[in-house]
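Fold and contact review
Spelled out from the first residue to the last, the chains are:
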Amino acid sequence: CAGLLFVSTLDGNLHAVSKKSGSIKWTLKEDPVLQVPTHVAEPAFLPDPNDGSLYSLGGKNSEGLTKLPFTIPELVQASPCRSSDGVLYMGKKQDLWYVVDLLTGEKQQTLTSSFAEMLCPSSSLLYLGRTEYTITMYDTKSRELRWNATYSDYASTLPDDDTKYKMAHFASNGDGLVVTVDSDSGDVQWVQNYNSPVVAIYIWQREGLRKVAHTNVAVETLRYLTFMSGEVGRITQWKYPFPKEKKPKNKFLVVRVGNVSFRPKEVLGHGAEGTIVYKGQFDNRAVAVKRILPECFSFADREVQLLRESDEHPNVIRYFCTERDRQFQYIAIELCAASLQEYVERKDFERRGLEPVMLLQQTMSGLAHLHSLNIVHRDLKPHNILVSMPNAHGRVRAMISDFGLCKKLAVGRHSFSRRSGVPGTEGWIAPEVLSEDCKDNPTCAVDIFSAGCVFYYVVSQGSHPFGKSLQRQANILLGTYSLDYLQTDKHGDIVARDLIEQMLSVEPYKRPSAESLLKHPFFWSLEKELQFFQDVSDRIEKEPLDGPIVRQLERGGRAVVKGDWREHITVPLQTDLRKFRSYKGGSVRDLLRAMRNKKHHYRELPADVQETLGSIPDDFVSYFTSRFPHLLLHTYLAMRSCASERPFLPYYSSIFTNDYAKCA
């Protein structure tokens, strides 16, 4: 195999060719690489035979040719799934092995999962794996087949790192012309036409196909280049540079525009509509510089205006200045260390004391600030929540960024129109933004929904409540989510589930406001939890047993205290409790009373009781919530009727019921 190349063409042929001359030794004939309908109405799907990528042509807003964020193999892997526009995807994957005689190319055997067809034996055999991916799209609105395609690909990997491959291949994308050049000398080694566009070129290495690079060139361009590379009637020397990324002569090149400067090589990231973010300088301060294309200037001006209005909050990204030259607009904003995505997914990320609950509290605090200014973010996702650079004390904080899709609501308005299209990123968009059945215009509640997805992403260390990326938006419309990472018998998870379920409510008006969410027990310190239990116990001490507050507290209480809470505490505490007064084991009220009394008299407790309870407040409160994980949430919900009383103002929102009938 050392002297052979394997050339795969669109018509389904795999040619074994000589490395030296490109001449065909033998050909394996199979089905075409792509099989698609010949006549398709717009919007149409156009697959790339090189890798199965998908492009869409046309659409509601006549977007032109747009590359989609998935390939046919990825769609097949994700199927069955449903898109937000009501299209059902069905996929099928079929693997085959061809056992081929190396000398003649004759197929000796075909292996599939259902049969193995044997021909005649041979000593020198190649085992070639090929996978056939079939995707079918069914439109539930028109009740008809929308599109189907079959894409086939040979199993291959990249060559070993130490492989010295000194050939450059230029292939025509309109016919089978291939020009092969020595990449060191530029000598044209051979020119061949394989009568069908080349989709892949392989070498054989360690019992398998290894894909080598080739450059697709338009038919006329390749013919012109090869003709111009020759002496009279002969192609001898390739005169044109190879498509390799050249290192700039001066990698320290600095671009200066007004008060902003940056190095084009120091790219921090890419945004929508061609935006590039560079690391730069403003007033001797390290900043991030967003470079924006002219067609987005109006959006950039709006983004700057909203940043100016809102950046006085520590959890909203800080804005510095705007500059413009003949080509671009530049926005200088606070330079950050990382995005939330890196915080969650990078195992070695240095959190510098910013724990998940604190990060989410800061994010919600920034969002509450935006909503208080009647600004709806509309694109909340892990990529747009950033972690700051460390301050002088080494501390970092969370910040909301990327105001490109923000909407400032007019005075007196609490919703925004859908006329401007669907804002946001698929998989993080609230259902009412996409639902055709929703009569009301969306409100600030769209941000609460997206934040609910972000909260679960953080506490689950990278999962999404609505599943894998391709199914997400369809599941959001159906209201189908899973919080499986959160355990049903763990105190912290029970509290987190209550918060996230409210945020993910299908009905926007049932989602709490950002301000009221900040009062949720999810954000409480252990000290605040213990103080709450004490305040509740003080409040109900003189309440009659048959009064509404105690009745509400004891409703469902047996399950909370696991039948008899006295049986679930450690022996030293059991012994100590029996000394003083009788407690009812089936009562939540009595459990809270016992907790209050032991806290009040903690210093007088015997050493073994102090040891079993641990130190106040953290160990003490965790002793009880670990044994009775539903206690805090149950008590919190039962005491809502006292929310307006002075002792309970720190624990409940001023409007403790669901309050997104209005925006802020």
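Above this note sits the structure.
Residues numbered from 1 in each chain as written. Predicted model: local features only at pLDDT ≥ 70, side-chain atom pairs only at ≥ 80, totals over all residues. Heavy atoms only, no water.

Let's shift gears to the overall build of the protein chain. Tallying secondary structure elements over the protein chain gives 18 helices and 32 strands in all. Buried residues in the protein chain amount to 49% of all 664 residues. With the model as given, the accessible surface of the protein chain reaches about 33800 Å², and the carbon-plus-sulfur share is 50%. (Helix = DSSP H or I, 4+ residues; strand = E, 2+ residues; numbered from the N terminus. Buried < 20%, exposed > 50% of the residue type's maximum accessible area, 1.4 Å probe, protein only. Areas by Shrake-Rupley, 256 points an atom, 1.4 Å probe, with all protein chains shown as cover.)

Walk down a regular strand and you will see the side chains alternate between the two sheet faces. Burial within strand β17 (residues 198-205) is extensive, with 8 of its 8 residues counted as buried. Examined bridge by bridge, strand β1 (residues 4-9) and β17 share 4 bridges and lie antiparallel to one another. Along β17, the bridge assignment pairs Phe6 with Tyr202. Here β17 pairs with strand β18 (residues 208-212) via 5 bridges, running antiparallel. Residue pairing in the sheet places Tyr202 in a bridge with Lys211 of β18. (Pairing = 2+ DSSP bridges.)

Strand pairs in the sheet, formed through backbone hydrogen bonds, run parallel or antiparallel to each other. Strand order across the open sheet formed by 4 strands is β16-β15-β14-β19, with mixed pairing between neighbours. In the strand order of this sheet, the two ends are held by β16 (188-193) and β19 (215-217), each with one partner. On average, adjacent strands in this sheet sit at an angle of 20° to one another, irrespective of strand direction. Direction of pairing for strand β15 (residues 177-182) relative to β16: antiparallel, over a ladder of 5 bridges. If you follow Leu177 over to β16, its bridge partner there is Asn193. (Axes fitted to C-alpha atoms, helices over the stretch in contact; angles between N-to-C directions.)

As enumerated under the stated definition, the model contains 22 salt bridges in all. Of the charged contacts, one joins Arg497 and Glu501 as a salt bridge, the two residues approaching to 3.8 Å between their closest N and O atoms. Remark: Glu501 and Arg497 occur in helix α9 (residues 491-503); sequence separation between them is 4 residues, near one turn of the helix. One salt bridge in this structure joins Lys598 and Asp576, with 2.8 Å as the shortest N-O distance. With Lys598 in helix α15 (residues 588-600) and Asp576 in helix α14 (residues 571-580), this pair connects stretches of sequence that are 22 residues apart. Residue Lys598 is classed as buried on the basis of its relative accessible area, which comes to 6%. In this structure, a network of salt bridges that share partners links the residues Asp538, Glu541, Asp590, Arg593 and Arg596. (Salt bridge = Lys/Arg side-chain N within 4 Å of Asp/Glu carboxyl O.)

Once that is clear, we can look at a nonpolar patch on the surface. Taken together, Trp97, Leu125 and Tyr127 make up a surface patch of nonpolar side chains, about 300 Å² in accessible area. When you line up the elements, Trp97 lands in strand β9 (residues 87-101). (Patch = residues over 30% accessible without salt bridge, like charges linked within 9 Å, V, L, I, M, F, W, Y side chains within 5 Å.)

Position of Ser388 among the secondary structure elements: in strand β30 (residues 385-388). For Ser388, a relative accessible area of 1% gives the class buried.

Time to look at the side chain of Asp175. Position of Asp175 relative to the elements: it lies in the loop between β14 (167-172) and β15. Asp175 gets classed as buried once you look at its relative accessible area, which sits at 18%. Reaching out from Asp175, the side chain makes a polar contact with the side chain of Ser172 at a distance of 2.7 Å. Polar side-chain contacts of Asp175 include one of 3.2 Å to the backbone nitrogen of Leu177. Non-local contacts of Asp175, meaning those with residues more than four positions away in its chain, are made with Asn193, Ser196, Pro197, Val198, Val219 and Arg223. (Polar contact = N/O pair within 3.5 Å; in protein donor to acceptor, adjacent residues only side chain to side chain. Contact = heavy atoms within 4.5 Å.)

Another aspect to go through is the packing of aromatic side chains. Applying the stated criterion to the full structure yields 28 aromatic pairs. Among the aromatic side chains, those forming a connected cluster through ring pairs are Trp524, Phe532, Phe533, Tyr636, Phe648, Tyr651 and Tyr652. Against the face of Tyr343 rests Arg351, its NZ or CZ located 4.3 Å from the ring centre. (Phe/Tyr/Trp six-rings, centres within 6.5 Å; stacked < 30°, edge-to-face > 60°. Lys NZ or Arg CZ within 6 Å of the ring centre and 35° of its normal.)

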